[in-house]
Amino acid sequence: MAMSFDPFSQLDRIAQSVFDTSRQPRMMPVDLSREGDKYLLNADLPGIDPGSIDIDLDGHLLSIRAQRSAGERQNSRWLLQERPFGSYLRQFTIGDDVDTEGISASYDNGVLSVLIPIAEKAKPRKVSVGSASEHHNKAVTA
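The structure reproduced in this document is the subject of the present report. (Residues numbered from 1 in each chain as written. Predicted model: local features only at pLDDT ≥ 70, side-chain atom pairs only at ≥ 80, totals over all residues. Heavy atoms only, no water.)

Focus: the overall build of the chain
For step 1, the next point in the chain: Counting its secondary structure elements, the chain contains two helices and seven strands.
For step 2, the next point in the chain: Per-residue burial over the chain gives 18% buried out of 142 residues.
For step 3, the next point in the chain: Counting contacts in the chain only where the partners sit at least 6 residues apart, residues at least 24 apart contribute 55% of the total.
For step 4, the next point in the chain: Roughly 11,100 Å² of accessible area belongs to the chain as shown, and the carbon and sulfur atoms make up 52% of that amount. (Helix = DSSP H or I, 4+ residues; strand = E, 2+ residues; numbered from the N terminus. Buried < 20%, exposed > 50% of the residue type's maximum accessible area, 1.4 Å probe, protein only. Contact = heavy atoms within 4.5 Å. Areas by Shrake-Rupley, 256 points an atom, 1.4 Å probe, with all protein chains shown as cover.)

Have a look at this one:
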């Protein structure tokens, strides 16, 4: 395999080692949408061990944590190592319109999907309109 020397990539690699950010949690890219009566959050976490994924809810704070290990190679020397490893963290503030008991998650093909249902009390509903005399009669008899 032919490899060329790129001095700028080497400088970038040196800067990364000097300002080592591997100890800081990395952000994970996410998509968040509302689909009918639920929110759908998809987070890209390729190469993550599903057992390392931790999702917790503390009050109104939803936290997603995951860990990717560097991978140990016996009797080998890295020639190129660009895939990030370490811990990942993303936090979201959720409102009162969420059914926290119904939150569920799945992990498939490197994508974590979190379904966040909307609470019954926050769902749109129709209000019936009666005549003013009906409303007045109900108020008088109550």
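Quick notes on the sheet that holds strand β4 (residues 61–68)
For step 1, the next point in the chain: Taken in spatial order, the three strands make up an open sheet running β3-β4-β5, and their pairing is antiparallel. Edge positions in the open sheet fall to β3 (54–58) and β5 (86–93), since each of these has one partner strand only. Recorded for the sheet is a direction-independent mean angle of 15 degrees between the axes of neighbouring strands.
For step 2, the next point in the chain: Bridge count between β4 and β5: eight bridges; the pairing is antiparallel. Looking across to β5, one finds that L62 is bridged to F92. (Pairing = 2+ DSSP bridges. Axes fitted to C-alpha atoms, helices over the stretch in contact; angles between N-to-C directions.)

What to know about the environment of E120
For step 1, the next point in the chain: Tracing the backbone shows E120 in the loop between β7 (111–117) and α2 (132–141).
For step 2, the next point in the chain: Assessed through its relative accessible area of 63%, E120 is described here as exposed.
For step 3, the next point in the chain: E120 sits 22 residues away from V98 along the chain, and the two C-alpha atoms are 8.7 Å apart.

As for the layout of surface pockets
For step 1, the next point in the chain: Approximately 260 Å³ is the volume found for the second largest pocket.
For step 2, the next point in the chain: If you trace the second largest pocket, you find 16 residues lining it, with R68, S69, A70, G71 and R83 closest to the centre. (1 Å grid on protein atoms, 1.4 Å probe; cavity = no way out; pocket = protein on both sides within 12 Å on 5 of 7 lines; lining within 4 Å. Points joined across faces, edges and corners; volume = space filled by probe spheres on them.)

Considerations on the sheet that holds β7
For step 1, the next point in the chain: On the basis of which strands lie adjacent, the open sheet formed by four strands has the order β1-β2-β7-β6 and antiparallel pairing. Among the strands making up the open sheet, the edge pair consists of β1 (30–35) and β6 (104–108). Neighbour to neighbour, the strand axes of the sheet diverge by 15 degrees on average, direction disregarded.
For step 2, the next point in the chain: Sheet analysis places strand β2 (residues 38–44) next to β7, joined by seven bridges and oriented antiparallel. Note that in β7 the partner of K38 across the bridge is P117.

A closer look at unusual backbone geometry
Excluding glycine, a negative phi dihedral is what most residues carry, and trans is how most peptide bonds are arranged.
For step 1, the next point in the chain: The phi dihedral of N109 is positive, around 50 degrees, even though this residue is not glycine.
For step 2, the next point in the chain: You can see N109 is positioned in the loop between β6 and β7.
For step 3, the next point in the chain: What makes N109 exposed here is its relative accessible area of 73%.

Quick look at the nonpolar core
For step 1, the next point in the chain: Counting 16 residues, the largest nonpolar core has L45, I64 and L112 as its most contacted members.
For step 2, the next point in the chain: L112 has contacts with L41, N42, A43, L45, I53, I55, I64, A105, S106 and Y107, leaving out every residue within four places of it along the chain. (Core = buried A, V, L, I, M, F, W, Y, C linked by side-chain atoms within 4.5 Å.)

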